[in-house]
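Structure assessment
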Amino acid sequence: MIRSMTAFAACERAATGGQLSCELRAVNHRFLELSVRAPEELRSIEAQFRERVAGKISRGKVDVSFRYRPNDAAVAEIKLNDRLVKQLADMHQRLSGQFPQMRLQFTELLRYPGVVEEEAFDQAGLQSEAMALLNDTIAQFVTSREREGANLAAVMNERIDGIERIVGQVKQWLPEIRAALRAKMEVKIADLKLPLDPGRLEQEVVLNLQKIDVDEELDRLGSHIAEARRIFGLPEAVGRRLDFLMQEFNREANTLGSKSVDARTTQAAVELKVLIEQLREQVQNLE
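Given the structure is predicted, the values throughout are model-derived calculations rather than measurements.

Take the overall build of the protein next. The secondary structure content of the protein amounts to 8 helices and 6 strands. Taken over 287 residues, the protein has a buried fraction of 35%. When the accessible surface of the protein is totalled, it reaches about 17300 Å², and 52% of it is carbon and sulfur.

Spelled out as structure tokens, the structure:
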């Protein structure tokens with residue numbers, strides 16, 4: 001599957017006591033580099049966030065960001081433990097004679113352990129909602145990568161078609177190039193005006209043809225073209241496979257250029273390298 005490494009996705013939903021949002025953004029990177037930012041309420045399951053993202057995304061510098069905004073309505077009403085307050089009041093009444101200078105501020109009373117009854121915050125519920133929100137965001141993120149990857153695949157297929165055309169042209173030229181090389185050697189030998197064993201001439205022709213033989217390189221280029229098209233259809237991320245394949249493409253193009261004895265094949269080798277470099281640049285954007 002052709003997927004771009006660069007993408008962005010964001011989701012938001014109502015959650016326990018407020019609003020929860022999640023953002024994923026990524027840029028190119030050789031491997032998976034994951035950064036997670038989460039509020040205190042979700043910090044304890046940060047490792048689970050990382051595991052979930054790594055299960056769906058294999059490459060790129062990925063930033064995951066959570067935000068939690070409590071609603072005003074989520075602020076619980078202050079509830080007092082009336083029984084404890086009465087006990088403290090009775091105690092104060094009894095001891096006021098022994099401590100006539102003792103004064104008690106209302107705020108000090110509220111700070112006494114157990115006077116204010118706080119409702120338990122459903123942290124587990126919020127964490128479960130955050131994980132579900134992350135799943136939705138990842139789904140949007142992957143869809144965005146695939147959509148951009150489809151655009152890249154179209155461009156890359158054009159380059160592959162161009163490479164295939166050039167390989168076909170060079171194959172058509174080879175018989176003519178070999179015949180021209182033989183004729184050129186015969187002219188040079190004739191200019192020497194020296195007797196030459198016909199078998200010797202054939203040996204020299206064969207040796208020179210072997211030096212410029214590019215059939216193997218052209219066959220390998222054809223094999224690489226077929227492999228690239230096969231990789232395009234694989235269900236998993238293919239960026240690293242294609243990155244390696246680009247090195248093989250470039251190696252064959254370099255050899256083709258070094259063996260060239262004809263202006264046409266020299267130009268073909270240059271055009272091949274241009275197309276391969278354009279292809280390689282696109283591969284660097286793939287997951």
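Applying the stated criterion across every chain yields a total of 1 aromatic pair. A centroid spacing of 4.4 Å and a plane angle of 25 degrees characterise the contact between Phe49 and Phe66, whose relative ring orientation is stacked. Taken as a pair, Phe49 in helix H1 (residues 46-56) and Phe66 in strand E4 (residues 60-70) lie far apart in primary sequence, 17 residues in all. Note on accessibility: Phe49 and Phe66 belong to one class, buried.

Attention shifts here to the nonpolar core. Ile163, Leu218, Leu242 and Phe249 are the most contacted members of the largest nonpolar core, which has 33 residues in total. Breaking this core down by element, the ones donating at least two residues are helix H4 (123-192), helix H6 (215-232), helix H7 (239-258) and helix H8 (263-283). Sorting elements by how many residues they give to this core places H4 first, with 9 residues. Contacts of Leu218, omitting those with residues within four sequence positions, involve Val167, Val170, Lys171, Leu174 and Leu256. In terms of nonpolar packing, the next biggest core, distinct from the first, is built from 28 residues, Leu20, Ala38, Leu134 and Ile138 among them.

On to the sheet that holds E4. The sheet built from 4 strands is open, its strands ordered E1-E2-E4-E3 with mixed pairing. A single partner strand is all that each edge strand has here, and the edge strands are strand E1 (7-15) and strand E3 (32-37). When strand polarity is set aside, the average angle formed by the axes of neighbouring strands in this sheet is 10 degrees. Strand direction decides the pairing type here: strand E2 (residues 18-27) and E4, joined by 10 bridges, are antiparallel. Along E4, the bridge assignment pairs Cys22 with Phe66. Packing of H1 onto the sheet brings it into contact with E3 and E4, and relative to E3 it is tilted by some 145 degrees.

Further remarks concern a nonpolar patch on the surface. Side chains of Met91, Leu95, Phe99 and Met102 sit close together on the surface and give an oily, nonpolar patch of about 330 Å² of accessible area. Here Met102 lies in the loop between helix H2 (82-95) and helix H3 (106-111).

By secondary structure assignment, the location of Ser4 is in the segment before E1. Ser4 gets classed as buried once you look at its relative accessible area, which sits at 2%. When residues no more than four places from it in sequence are discounted, the contact partners of Ser4 are Arg145, Glu148, Gly149, Leu152, Asn285, Leu286 and Glu287.

Another aspect to go through is the pattern of salt bridges. Considering all chains together, one arrives at 23 salt bridges under this definition. Residues Glu287 and Arg3 are paired through a salt bridge, measuring 2.9 Å at the closest nitrogen-oxygen approach. Taken together, the residues span a long stretch of sequence, with Glu287 in the segment after H8 and Arg3 in the segment before E1 at a distance of 284 residues. The exposure class of Arg3 is buried, given its relative accessible area of 11%.

Bringing the pairing of E2 into the picture now. The sheet contact formed by E1 and E2 spans 9 bridges and is antiparallel. By the bridge assignment, Ala15 is partnered in E2 with Gly18. Taken together, E1 and the strand that follows it, E2, pair antiparallel across an intervening segment of 2 residues, in which Gly17 is found at a positive phi of about 75 degrees.

Another aspect to go through is the pairing of E3. With 6 bridges joining them, E3 and E4 adopt parallel strand pairing. Counted as the bridge partner of Glu33 is Lys61 from E4. For the segment spanning E3, H1 and E4, crossover handedness is left-handed.

The rules behind these values
- Residues numbered from 1 in each chain as written.
- Predicted model: local features only at pLDDT ≥ 70, side-chain atom pairs only at ≥ 80, totals over all residues.
- Heavy atoms only, no water.
- Helix = DSSP H or I, 4+ residues; strand = E, 2+ residues; numbered from the N terminus.
- Buried < 20%, exposed > 50% of the residue type's maximum accessible area, 1.4 Å probe, protein only.
- Areas by Shrake-Rupley, 256 points an atom, 1.4 Å probe, with all protein chains shown as cover.
- Phe/Tyr/Trp six-rings, centres within 6.5 Å; stacked < 30°, edge-to-face > 60°.
- Core = buried A, V, L, I, M, F, W, Y, C linked by side-chain atoms within 4.5 Å.
- Contact = heavy atoms within 4.5 Å.
- Pairing = 2+ DSSP bridges.
- Axes fitted to C-alpha atoms, helices over the stretch in contact; angles between N-to-C directions.
- Patch = residues over 30% accessible without salt bridge, like charges linked within 9 Å, V, L, I, M, F, W, Y side chains within 5 Å.
- Salt bridge = Lys/Arg side-chain N within 4 Å of Asp/Glu carboxyl O.
- Right-handed = clockwise from strand over helix to strand, strands pointing away.

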